Amino acid sequence: MTVVVRSFAKINLGLYIGAARADGYHDLRTVYQTIALHDLIRVSVGRGTGIDIACTNKDPRVPLDSSNTCYRIAERVLAELGAQGRVRIEIEKRLPVQGGLGAASSNAVATMIALESALKRALKKRLSASARLRIAAEVGSDLPLFLVGGTTLGVGRGEEVYPLPDLATIPMVVVTPQVGVSTPQAFADWDEFINARQLTRPSASDRLFEVGCVLSAWLSGSPNTGALAKGGSRAGNLLSDLVRTGIENDFERVVFPKYPELRDIKGALERAGSRYASLSGSGSTLYGLFRSRAEAAKAASRLRKQGFGAVVTSTLTRRQYWKRSLVASR
Ligand code: C5P
């Protein structure tokens, strides 16, 4: 049995990093948003044992061994379900590797969904929702969001996820530079940045609390932020809310100085008319949100003329995310 699923990407609408924890991770607050760009994951189960991984574009940064997130999750799903079989996972790569779009995390969750589906007929049992979330969080901080989809609040190390009222579909432009940014390195650079400014900045946990208040006010449509001003729809107001709230991604402070071309791309997105532009996760992908698809298309063509690899896409609501997830099951 082969199951094919879309493995959608995410962006971060604001990302705030706290202090390093005793376990080496960082507490953070972020709003994840799934988008329509995706990889394809094909999972088949046959007789025998073992897990094989194949990747269509043979990017050396995509491991094909037990360190691949798809392998790690497949191993856990089989153990949890008490299932056996030879599992083949094929990754059709379209999303950037180390791009801040959560591709490796999304690939793993797509593998879990496809594998469960492939095993369903033979086993007649499924994982509980909490087991799925636990397994996802064991494999990486950015996985659980893909079990929710749409607009999702991420807290803890990012693995604790809460579905938020969905923001309606927003047209956007995604620019993916050639450079890949290592997330652990970006966190280490953040620690250095914070340590160097310890005397002049509020403590990291105070800061996260303040940020929590800003996010909460924004998301709940508090009159202070004007999110639901004059009965307007959330979707219609999102762009102006983002701009007004000044929501930001902390990683820009350490990633831009290291890769100045990324700052230039953000500037180019802003000059091309985006209402809000930002680095996604630790990068290197940047995105710009636009009022209409036509404005996004115009901006993308302008950016391409400047030599940037820009594509037009849109955000995905939770409903769209799940509706478009399954491609084939045969
Ligand atoms: O959870 P994940 O395996 O994706 O994290 C990769 C690395 O990124 C961690 O080992 C850690 O160094 C860093 N990280 C962090 N704080 C987070 C998430 C990740 O320091 N909230």
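Structure shown above.
Predicted, not measured: the structure shown is a model, and the values here were computed from it.

Draft legend 1. Broad picture of the site of the ligand. Taken together, the residues surrounding the ligand are G24, Y25, H26, L28, G140, S141, R157, P184 and F187. In the model, an oxygen atom of the ligand is placed 2.5 Å from a nitrogen or oxygen of the S141 side chain. Here the ligand, which alone exposes 450 Å², has 71% of that area covered by the protein. When each cavity is represented as a set of grid points, the ligand is found to reside in the largest pocket.

Draft legend 2. Main features of helix α1 (residues 69-81). Over its 13 residues, α1 extends 18 Å from the first C-alpha to the last, a length consistent with the 18 Å expected when each residue adds 1.5 Å. All buried positions along α1 are accounted for by T69, C70, Y71, I73, A74, V77, L78 and L81. In this structure, the buried side of α1 is in contact with β3 (50-55), β4 (86-92), α2 (103-123) and α3 (129-139). Two to three positions downstream of the cap, the backbone nitrogen of C70 sits 2.7 Å from a side-chain oxygen, assigning the N-cap of α1 to N68.

Draft legend 3. How the structure looks around the pairing of strand β6 (residues 160-163). Relative to β6, strand β5 (residues 151-155) runs antiparallel, the two sharing four bridges. Opposite L153, over in β6, you have Y162 as the bridge partner. In sequence, β5 turns back onto β6 through a hairpin of four residues, with G156 there showing a positive phi of about 65°.

Draft legend 4. Local environment of the packing of aromatic side chains. Inspection of the entire model under this criterion finds five aromatic pairs. Centre to centre, the rings of Y321 and W322 are 5.0 Å apart; their planes meet at 90°, and the pair counts as edge-to-face. For Y321, a relative accessible area of 5% translates into the label buried. Each member of the aromatic cluster is reached from another via a ring pair, and the members are F8, Y321 and W322. Positioned above the aromatic ring of Y25, the side-chain terminus of R157 is 4.8 Å from the ring centre.

The rules behind these values
Residues numbered from 1 in each chain as written. Predicted model: local features only at pLDDT ≥ 70, side-chain atom pairs only at ≥ 80, totals over all residues. Heavy atoms only, no water. Near = heavy atom within 4 Å. Polar contact = N/O pair within 3.5 Å; in protein donor to acceptor, adjacent residues only side chain to side chain. Areas by Shrake-Rupley, 256 points an atom, 1.4 Å probe, with all protein chains shown as cover. 1 Å grid on protein atoms, 1.4 Å probe; cavity = no way out; pocket = protein on both sides within 12 Å on 5 of 7 lines; lining within 4 Å. Sits in = over half its atoms within 2 Å of the grid points. Helix = DSSP H or I, 4+ residues; strand = E, 2+ residues; numbered from the N terminus. Expected span 1.5 Å × (residues − 1). Buried < 20%, exposed > 50% of the residue type's maximum accessible area, 1.4 Å probe, protein only. Contact = heavy atoms within 4.5 Å. Pairing = 2+ DSSP bridges. Phe/Tyr/Trp six-rings, centres within 6.5 Å; stacked < 30°, edge-to-face > 60°. Lys NZ or Arg CZ within 6 Å of the ring centre and 35° of its normal.

Remember that the coordinates give geometry; whether it matters functionally is a separate question.
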